[in-house]
Amino acid sequence: MIIPARGARPERTAVLAVVAALAVPLVVAPIVAAPPAAADAPLRVHAAARGKFIGYAAGTSPLANEAAYRSVAASEFNQVTAENAMKWESTEPSDGNYTFSGADQVVAFATANNQQVHGHTLVWHSQTPGWVQGLSASAMRTAMQDHIATVVGRYANNASLVSWDVVNEVFEENGNLRSSFWYNTLGSSYIADAFRYARAADSNARLCINDYNVEGINAKSTAMYNLVRQLRADGVPVDCVGFQGHLAIQYGFPSQFRENLDRFAALGVQVRITELDIRMQMPRDSTKDATQATYYRNVVQGCLAVTACAGVTIWGFTDKYSWVPDVFSGEGAALPWDANYSTKPAYTAIHDALDDGSGPAPDTTPPTTPGTPAASGVTSSGLSLSWTASSDAVGVAGYDVLRATGASGGSFAVVGTPSSASFVDSGLAASTTYRYQVRARDAAGNVSSLSSVASVTTTAGGGGPGPSSCRVAYTISPWGGSPGFTAGLVLTNTGTSSLSGWTLAFSLPSGQAITPPGWSATWSQSGQAVTATPLSWNSTLAPGGSTTIGFNGTHTGGTSEPTTFTVGGSSCTVV
Ligand code: XIL
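As a starting point, this report considers the structure included with it. (Residues numbered from 1 in each chain as written. Predicted model: local features only at pLDDT ≥ 70, side-chain atom pairs only at ≥ 80, totals over all residues. Heavy atoms only, no water.)

### Some thoughts on the overall build of the protein
Here is step 1 of the chain: A count of helices and strands for the protein gives 15 helices and 29 strands.
Here is step 2 of the chain: Over its C-alpha atoms the protein spans a radius of gyration of 26 Å, differing by no more than 12% from the 25 Å that the globule rule assigns to 575 residues.
Here is step 3 of the chain: Here the C-alpha coordinates of the protein stretch approximately 75 × 65 × 40 Å along the principal axes.
Here is step 4 of the chain: By element, 52% of the accessible surface of the protein is carried by carbon and sulfur atoms, the whole surface being about 22500 Å². (Helix = DSSP H or I, 4+ residues; strand = E, 2+ residues; numbered from the N terminus. Rg over C-alpha atoms; globule rule 2.2 N^0.38 Å. Areas by Shrake-Rupley, 256 points an atom, 1.4 Å probe, with all protein chains shown as cover.)

### A short note on the pairing of strand E3 (residues 116-123)
Here is step 1 of the chain: Counted residue by residue, E3 has seven buried out of eight residues, so it is predominantly covered.
Here is step 2 of the chain: The pairing of strand E2 (residues 79-82) with E3 spans three bridges and is parallel. Bridge pairing in E3 links Val80 to Val117.
Here is step 3 of the chain: Bridge count for E3 against strand E4 (residues 161-168) is five bridges, and the pairing is parallel. By the bridge assignment, Val117 is partnered in E4 with Leu161. (Buried < 20%, exposed > 50% of the residue type's maximum accessible area, 1.4 Å probe, protein only. Pairing = 2+ DSSP bridges.)

### Examining the state of the cysteines
Here is step 1 of the chain: Throughout the structure, instances matching the rule amount to three disulfides.
Here is step 2 of the chain: Note that Cys208 is cross-linked by a disulfide to Cys240, the S-S spacing being 2.1 Å. Residues Cys208 and Cys240 are joined by a disulfide whose S-S torsion is about 95°; by sign, that bridge is right-handed. Of this pair, Cys208 sits in strand E5 (residues 206-211) while Cys240 sits in strand E6 (residues 240-243), placing them 32 residues apart in sequence. (Disulfide = S-S within 2.5 Å.)

### Quick word on helix H8 (residues 137-154)
Here is step 1 of the chain: In this model, H8 (18 residues) spans 26 Å end to end at C-alpha, consistent with the 26 Å of a helix rising 1.5 Å per residue.
Here is step 2 of the chain: When H8 is considered as a whole, its buried residues turn out to be Met140, Ala143, Met144, His147, Ile148, Val151, Val152 and Arg154. For H8, the angular spread of the buried residues around the axis is 155°, confining them to a single face. (Expected span 1.5 Å × (residues − 1). Arc of directions from axis to C-beta.)

### Focus: unusual backbone geometry
Here is step 1 of the chain: In this chain, His120 is followed by Thr121 through a cis amide linkage whose omega measures 0°.
Here is step 2 of the chain: Mapping Thr121 onto the fold places it in strand E3.
Here is step 3 of the chain: With an omega dihedral of 10°, the bond running from Pro516 to Pro517 counts as a cis peptide bond.
Here is step 4 of the chain: One can find Pro517 in strand E22 (residues 513-519).
Here is step 5 of the chain: Phi is positive for Asn114, which is not a glycine, with a value near 55°.

### Thoughts on the packing of aromatic side chains
Here is step 1 of the chain: The full count for this structure, using the stated rule, is 29 aromatic pairs.
Here is step 2 of the chain: Judged by centre distance (6.1 Å) and plane angle (70°), the ring pair of Trp88 and Trp131 falls under edge-to-face. With a gap of 43 residues between them, Trp88 in helix H5 (residues 88-91) and Trp131 in helix H7 (residues 130-133) connect regions that are remote in the sequence.
Here is step 3 of the chain: For the ring pair Trp337 and Tyr347, a centre distance of 5.0 Å and an interplane angle of 65° mean the geometry is edge-to-face. With Trp337 in the loop between strand E10 (331-332) and helix H15 (345-354) and Tyr347 in helix H15, this residue pair connects regions lying ten residues apart in the sequence.
Here is step 4 of the chain: Taking the relative accessible area as the measure of exposure, Trp337 reaches 2% and is therefore buried.
Here is step 5 of the chain: Following the ring pairs from residue to residue traces out a cluster consisting of Tyr56, Tyr69, Phe77, Phe317, Tyr321, Trp337, Tyr341 and Tyr347.
Here is step 6 of the chain: Here Arg263 stacks its cationic end above the ring of Tyr225, 5.1 Å away from the centre of that ring.
Here is step 7 of the chain: Here the guanidinium or amino end of Arg279 rests over the ring plane of Phe328, the centre of that ring lying 3.7 Å away. (Phe/Tyr/Trp six-rings, centres within 6.5 Å; stacked < 30°, edge-to-face > 60°. Lys NZ or Arg CZ within 6 Å of the ring centre and 35° of its normal.)

Structure, rendered in structure tokens:
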């Protein structure tokens, strides 16, 4: 539940209803906006030149279904937050059943478009399923730990996902801790615990506390300031503070916005504007648009003025999919693009704040054209490609690999987005010719020309069993003082085709036994024979892909490691 700035507003809990409700575009009076003053480059290019991110909240439905939405999202922004897809009700709707399709979709889009991802959110009183809310204290703490370990752990090695909102909206307006089911069941310790669990799951991610109505200096932001200071003094890993920024022009711009950012920055944390939208009472008109543009400019300028401010995320970007009209009755038009994807004065204000002439020149030069891809290791179903790398004035961020089927004709589509100059393709048909081209991208989003085309024909297939196509790294950590241990395994698909529905089998040395349930797989033991089968989210390993699974176990003295591991009956390389 969100408590708006002033006055009673309807609450809402449904997630998808917002998108559904907004499928009908808002009706606004036509407004003739001045063309952007210096819209020479997208926002992300100027933001990158200033060392900041400019981001958006992504809805999975328009991301999947609307080319116009994807086009603005990809070209204008270098950061993204999933609007709903990483919330508890989306990722773990029932106890232990994780669903990552929406979250993965956002991360994949971000990776393909060189955007950093902010994970939102782990522990919140809203959009958390009923099964969590009714748990006893010890069960709730365990559920929180499992949820954080699984969700954060899933993306811990993902280069795109760099930060998390660990706790969200823990305060009441008067600065007391919110009387949520978390607080009422666990007391205030749930906050520190959540951060510690998140740090245990990802030692690198930036861990944030996030809230609304804390943009200016007031009782609530001062309570947040005191909490962050205390947590850090206690050694709790709080790295960042998120100011949501759900503003409204009729309530005035938050007082001492910049000073507030400054005082948090002085605590040693990163600050960021995480959910910016600036609503107005409908109908929209040019005067309100101008005020709104001023507010957007103030926010961006405030972030630019504070070194510790990492960037600004806009909560959506088009009025077509804004949550505002559904939650704040009679209000809307809160975003820089209208429902038809036309920019408003707010866009120009953001652009010109980023491009005010005081920063370095933006990078508008694309990388050089990469070399023609060369194929190796061609089989009936896969092949490896490598090419001469591109160079770039700032740095190559990654490549797009495009493929067309047939010796001619057909259309090229992106099949991979590797970060370096090689790619393994899989799932191909035998005795078939494919054509490949690659292009390079840089951090500002500039894209090179396409390379020349390489044609490759897969082999006829039908041969005998291939070489080992899996690798296992097994690490055993004995516990001091008790006959127990923790075993961690990284299973990697070293083949050229996807590994689906795998079963990993090995024999535990005698005297060792697993203690169910283990994690990230379903484990079973019969005699000394152990098998692990995947969960839904790691059941398919793409070529080169890997998954980390593990279990706790007992031993009667020896902690030697298993020597042979098989997947589907074939031995894996052991490292
Ligand atoms: C909102 C989404 O935009 C809506 O689609 C959903 O129905 C409710 O949540 N504070 C937050 C965000 O931290 O997660 C909220 O997002 C907006 C307020």
